[in-house]
Amino acid sequence: MFFLRWTLFQGIIIISLAVLAYIADLFKTEIAIPASSSMEVSGSMLMTFLFITAVIGLLSLLMYFQTKKSHTFLKHPLWDKMYVLMPVVFAVSFVLIFFLIDSVSDFIENHRWIIYIMIYYMLFLINIIVLSFIHKAKRNTIPNENKIMFSFVWTTLILFVIYFLL
């Protein structure tokens, strides 16, 4: 029953991500980066940031429930090297997605859900990169649940700064 409860919560998170993508598609004009980069905070900038924060929060909850489900999460020796591996995986994924979107843009235009999967994937990778740096810096000093919470906060802050610098 213990295993089933956390798996059920993870299933609810995945359904929530699908619902969030549907809602974001309904408000697709409000959730976009504005063409002009003025310093004025607009409603669409706020909606975009709230969408990104909600996605990162749900992905962090997914990992949090995994730590509750498995006591070996973040304990594999590979996690000691993840702070080097994950930026490489992110760079390769970014290039592949960039070329994928360019080559199959007509298909993606008709199937917008693919864009949300790519956005979720990239935000997940960014969150994992931050988590891997936190894990490397705080190896045995804080529990894994707190590492995931800190990765959520730092990922959100980093993306907030990057988003408003654009």
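These numbers were taken from a predicted model, which means no experiment stands behind them.

### Re a nonpolar patch on the surface
Inference 1: On the surface, Met149, Phe150, Val153, Trp154, Leu157, Ile158, Ile162 and Leu166 cluster together into a nonpolar patch covering about 740 Å² of accessible area.
Inference 2: Summarising the element assignment, leucine 166 is placed in the segment after helix H6 (144-165).

### Digging into helix H3 (residues 82-103)
Inference 1: Helix length check: H3, at 22 residues, gives a terminal C-alpha distance of 31 Å against a target of 32 Å (1.5 Å per residue), a fit within 8%.
Inference 2: Restricting attention to buried positions, one finds in H3 the residues Met82, Met86, Ser93 and Ile97. Down the axis of H3, the smallest arc covering the buried residues is 35 degrees, so these residues share one side. Exposed side of H3, more than 90 degrees from the buried face: Val88, Phe98, Phe99, Asp102 and Ser103 are the residues found there.
Inference 3: Turning to H3, the residues buried within the fold contact helix H5 (113-137).

### Quick notes on the environment of leucine 4
Inference 1: Assignment of secondary structure puts leucine 4 in helix H1 (residues 2-26).
Inference 2: For the pair leucine 4 and lysine 69, spaced 65 residues apart in sequence, the C-alpha to C-alpha distance is 8.8 Å.

### Observations concerning unusual backbone geometry
Inference 1: The backbone of leucine 74 shows a phi angle near 70 degrees, a positive value even though the residue is not glycine.
Inference 2: Along the chain, leucine 74 turns up in the loop between helix H2 (43-69) and H3.
Inference 3: Judged by relative accessible area, leucine 74 falls into the buried class, the value being 1%.

### Quick look at the pattern of salt bridges
Inference 1: Counted by the stated rule, this structure contains two salt bridges.
Inference 2: With a shortest N-O distance of 2.6 Å, aspartate 25 and arginine 112 are connected by a salt bridge. Within this pair, whereas aspartate 25 is found in helix H1, its partner arginine 112 is found in the loop between helix H4 (105-110) and H5, the two being separated by 87 residues in sequence.
Inference 3: Given the relative accessible area of 30%, arginine 112 is considered partly exposed.
Inference 4: With a closest N to O distance of 3.4 Å, aspartate 80 and arginine 139 form a salt bridge. Of this pair, aspartate 80 sits in the loop between H2 and H3 while arginine 139 is found in the loop between H5 and H6, placing the two residues 59 residues apart along the sequence.
Inference 5: On the accessibility criterion, aspartate 80 (26% relative accessible area) is partly exposed.

Thresholds applied
- Residue numbering note: each chain is counted from 1, following its sequence as written.
- Totals for whole chains, interfaces and linings use all residues, but because this is a predicted model, local features are given only for residues with pLDDT of at least 70 and pairs of side-chain atoms are given and counted only at 80 or more.
- Side-chain descriptors were evaluated using all non-hydrogen atoms of the structure, hydrogens and water having been removed beforehand.
- The residues that make up patches have over 30% relative accessible area and no salt bridge, and they are joined within 9 Å when like-charged or within 5 Å when they are Val, Leu, Ile, Met, Phe, Trp or Tyr.
- The accessible surface values rely on the Shrake-Rupley method and a 1.4 Å probe; as for residues, cover is taken only from the protein chains in view.
- Definition used for salt bridges: Asp or Glu carboxyl oxygen within 4 Å of a side-chain nitrogen of Lys or Arg.
- Secondary structure elements are defined from DSSP: runs of H or I of at least 4 residues count as helices, runs of E of at least 2 residues count as strands, and each element is numbered from the N terminus.
- For a helix, the expected span equals 1.5 Å multiplied by the number of residues minus one.
- The classification of residues rests on relative accessible area computed with a 1.4 Å probe and restricted to protein chains. Under 20% of the type maximum is buried, over 50% is exposed, and intermediate values are partly exposed.
- What the arc measures is the spread of directions leading from the helix axis to the C-beta atoms.
- We call two residues in contact when some of their heavy atoms are within 4.5 Å.

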